[in-house]
Amino acid sequence: MEFFAFFALVAASAMILTAGFLRPTGYMQLPCLMAAVFVGWVIPQLWSVRQFYADTYDGHLATLHGFCLVCLIATVWGWQTGRKSVRKAALARAPISDTTLLKICVAITVLAVLMSVAIGARALEERASSTWSGPITIMYFFSNLKVISLFLSIYLTFKAPRPVVWALLAVNILIYLPILFVAFRRRGMLEAFLCVMLAFWFARRTVFPRLFIAIAMPIGMLFVFAVGDLRQLSSGEDGERNWVAASDLAEVNFLDATPFTDAENSPELTNAFNLVRYSNERELHTFGTESWNRIVFQWVPAQIVGQRTKQAMMIESRAPKNIERIFNEDKRIGATTTAMGEAYLEFWFFGAVFFFGTAFMMGRWWRKSLQGSRVAMMLYASGLPVAVLMPTAYAIYFVNVMLLYGGAIYGLAKVLSARSQRKQQRHPMRNELASISRGYHDT
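Keep in mind it's a predicted model, so treat the numbers as computed, not measured.

Draft legend 1. Summary view of the state of the cysteines. Taken as a whole and judged by the stated rule, the model has 0 disulfides. In this model Cys68 remains outside any disulfide bridge; the closest cysteine sulfur is found in Cys71, 6.3 Å from its own.

This is the structure:
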């Protein structure tokens, strides 16, 4: 039973990935990219987990395989439902201008620079710690908005290039360079790749060659598994991270970091298996407790309300501690529970609703962006890396992050668009002359 469930997951993932590649823009859509994560990250780890537990815990493994398959199907279903829910009449609003997009990009770029400088000014011991706490967590939280400014700076470079746009692009590249080549952040790598690809499509309606994408995906997965080795190369003796020489990168054995060569390289799906096993053996589900705690942890600042108040708002969950005590398995530092493991613990097979809801919103934004909504374009571009990384994080991850991104995008778009409209109302003749002038120069 366990083998057939695993085989069904492999077959479904391969079919969805292949179907996505057969469509010109399929590799920019969530179902295809989610299937790529399953093929390149989930299934290799599950293969290793099977070597440890297939003989003794066949039923729990079959449940995990089956639930992963349900989550993948829920992603496809949610995507299609979200796309179909958008009507053409819903986009009667005036589109956001290039000038407004530029102002949004400037505002977020300035914020990203300030947060990067503020984080860099903190003590080395604080920055080198594996678990951040205090003001630096708030700085890092708002610094995540940089994905929006990166996308907009690339998009405007393709769409409406001018000196200020080139300057913004240069600043955003400088922000991302240490994230990519010093800290080796997986999320940063994916954000940079997807922002370039999506900006090129939305600005020029041009797609990258699918052969290039087919080569880039497995290479990217090799880098993901070898992130630990790469970060060791960049870590200095004093805890400060430094640039890594190309010669040192060439010495990294990327294949040895994969689960296929070392079964110990599958901590995330091992955590997911233990959550499924714990839930089944105890006949226990948390019914949203884990997700509520993650929202409180992310959005309620202890520096403002106090640590006791924040702790009082959270609901005690003993599942992780019980797993360590009952199964005698320690959770590896840095290894996540994965969205599949946590979603199953929350709501059994109905936990796939997390994947359905995420894909539903992404499908709506994709369809709206194709119909001309620039707000939807920004939401899709910033949300796609989050949705793709959701299996590697936790169940409510997409919602938690998109509350920040959505609030910034909607808020800035509304305020800046309203100011632009008021300006036009005050000076109608000036705007008309500017429009005529632009039309003259365009001819």
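Draft legend 2. Up close: the packing of aromatic side chains. Tallying each qualifying case throughout the model produces 27 aromatic pairs. Ring geometry for Phe202 versus Trp366: centroids 6.2 Å apart, planes at 55°, classification tilted. One end of the pair, Phe202, is in helix H9 (residues 186-204); the other, Trp366, is in helix H19 (residues 353-370), with 164 residues separating them in the sequence. A residue is classified by how much of its surface remains accessible, and Phe202, at 6% relative accessible area, is buried. Accessibility expressed as a relative area gives 2% for Trp366, which makes it buried. Seen from their ring centres, Phe208 and Phe212 are 5.9 Å apart, and the 65° between their planes marks the pair as edge-to-face. Among the aromatic residues, those joined into a ring-pair cluster are Trp79, Phe151, Tyr155, Phe202, Trp366 and Tyr380. Positioned over the ring face of Phe6 is Arg50, at 4.8 Å from the centre of the ring.

Draft legend 3. Summary view of the side chain of Glu191. Within the fold, Glu191 resides in helix H9. Given the relative accessible area of 3%, Glu191 is considered buried. Excluding residues within four positions of it along the chain, Glu191 makes contact with Val147, Leu150, Tyr176, Pro385 and Tyr405.

Draft legend 4. Region of interest: the pattern of salt bridges. One pass over the full model with this rule turns up 6 salt bridges. Notably, a salt bridge pairs Glu281 with Arg282, separated by 4.0 Å at the nearest N-O pair. Since its relative accessible area comes to 39%, Arg282 is described here as partly exposed. Its salt-bridge partner being Arg294, residue Glu342 comes within 2.9 Å of it at the nearest N-O pair.

Draft legend 5. View of the packing of helix H2 (residues 30-53) against helix H20 (residues 374-389). Orientation of H2 relative to H20, taken along the N-to-C sense of each, is 30°, at an axis distance of 10 Å. It follows that H2 is roughly parallel to H20 by the angle criterion. Both H2 and H20 take part in a crossing whose hand is right-handed. Of H20, the residues touching H2 (which contributes Leu30, Leu33, Met34 and Val37) are Tyr380, Leu384, Ala387 and Val388. By residue class, the composition of the contact of H2 with H20 is 8 nonpolar, no polar and no charged.

Draft legend 6. Main features of the packing of H19 against H20. Where H19 meets H20, the closest approach of the two axes is 8 Å, and the angle between their N-to-C directions is 145°. As for the relative orientation of H19 and H20, their crossing is left-handed in sense. Touching Thr358, Met362, Trp365, Trp366, Lys368 and Ser369 of H19 are Ala376, Met377, Leu379, Tyr380, Gly383, Leu384 and Ala387, all from H20. Here the residues of the contact of H19 with H20 are counted per class, giving 9 nonpolar, 3 polar and 1 charged.

Draft legend 7. Focus on the environment of Met378. Here Met378 lies in helix H20. Not counting residues up to four positions away in its chain, the partners in contact with Met378 are Ile96, Leu101, Ile104, Phe151, Leu152 and Ile409.

Draft legend 8. Inspection of a nonpolar patch on the surface at higher detail. Where nonpolar side chains cluster on the molecular surface, the patch consists of Phe3, Phe4 and Phe7 and spans about 380 Å² of accessible area. Topologically, Phe4 is positioned in helix H1 (residues 2-22). Overall, the relative accessible area of 58% leaves Phe4 in the exposed class.

Draft legend 9. The arrangement of unusual backbone geometry in detail. The backbone of Phe184 shows a phi angle near 50°, a positive value even though the residue is not glycine. Positionally, Phe184 belongs in the loop between helix H8 (163-181) and H9. By relative accessible area, Phe184 is classed as buried at 3%. At Thr338, a residue that is not glycine, the phi angle is positive and equals roughly 70°. Looking at the secondary structure, you find Thr338 in the loop between helix H17 (319-326) and helix H18 (339-347). Since its relative accessible area comes to 0%, Thr338 is described here as buried.

Draft legend 10. Main features of the environment of Phe200. Position of Phe200 among the secondary structure elements: in helix H9. Taking the C-alpha atoms as reference points, Phe200 and Tyr155, 45 residues apart in sequence, are found 6.7 Å from one another. Excluding residues that lie within four positions of it along the chain, Phe200 makes contacts with Phe158, Arg205, Thr206 and Phe208.

Thresholds applied
- Counting starts from 1 at the beginning of each chain's written sequence and moves along it residue by residue.
- In keeping with the model being predicted, local features are shown solely for residues with a pLDDT of at least 70 and side-chain atom pairs are shown and tallied solely at 80 or more, while totals for entire chains, interfaces and linings include all residues.
- For side-chain calculations, the full set of non-hydrogen atoms in the structure is used, while hydrogens and water are omitted.
- In this description, the term disulfide denotes a pair of cysteine sulfurs within 2.5 Å.
- Whether two aromatic rings pair depends on their centres lying within 6.5 Å, for rings of Phe, Tyr and Trp, where Trp uses its six-membered ring; planes under 30 degrees apart make the pair stacked, over 60 edge-to-face, and the rest tilted.
- Strands here are runs of E lasting at least two residues and helices are runs of H or I lasting at least four, both read from the DSSP assignment and numbered beginning at the N terminus.
- The buried label goes to any residue with under 20% of its type's maximum accessible area, the exposed label to any with over 50%, and the partly exposed label to all in between, with areas taken from a 1.4 Å probe on protein chains only.
- Any Lys NZ or Arg CZ that is within 6 Å of a ring centre and within 35 degrees of that ring's normal is treated as a charge sitting over the ring.
- For this analysis, residues touch if any pair of their heavy atoms sits within 4.5 Å.
- For salt bridges, the criterion is a side-chain nitrogen of Lys or Arg within 4 Å of an Asp or Glu carboxyl oxygen.
- Note on definitions: angles span 0 to 180 degrees between N-to-C directions of axes, and those axes are lines fitted to C-alpha atoms, for helices only across the stretch in contact.
- By the definition adopted for this analysis, an angle is roughly parallel if under 35 degrees, roughly antiparallel if over 145, roughly perpendicular if from 65 to 115, and oblique otherwise.
- Whether a crossing is left-handed or right-handed is set by the direction in which the near helix is turned from the far one by less than a right angle, anticlockwise for left-handed and clockwise for right-handed.
- Each residue gets one label: Ala, Val, Leu, Ile, Met, Phe, Trp, Tyr, Cys and Pro are nonpolar, Asp, Glu, Lys and Arg are charged, and the others, such as Gly, are polar.
- Surface patches are drawn from residues lacking salt bridges whose relative accessible area is over 30%; two like charges belong together within 9 Å, two nonpolar side chains (Val, Leu, Ile, Met, Phe, Trp, Tyr) within 5 Å.
- To measure how exposed things are, a 1.4 Å probe is used in the Shrake-Rupley method; for residues, cover is taken only from the protein chains shown.

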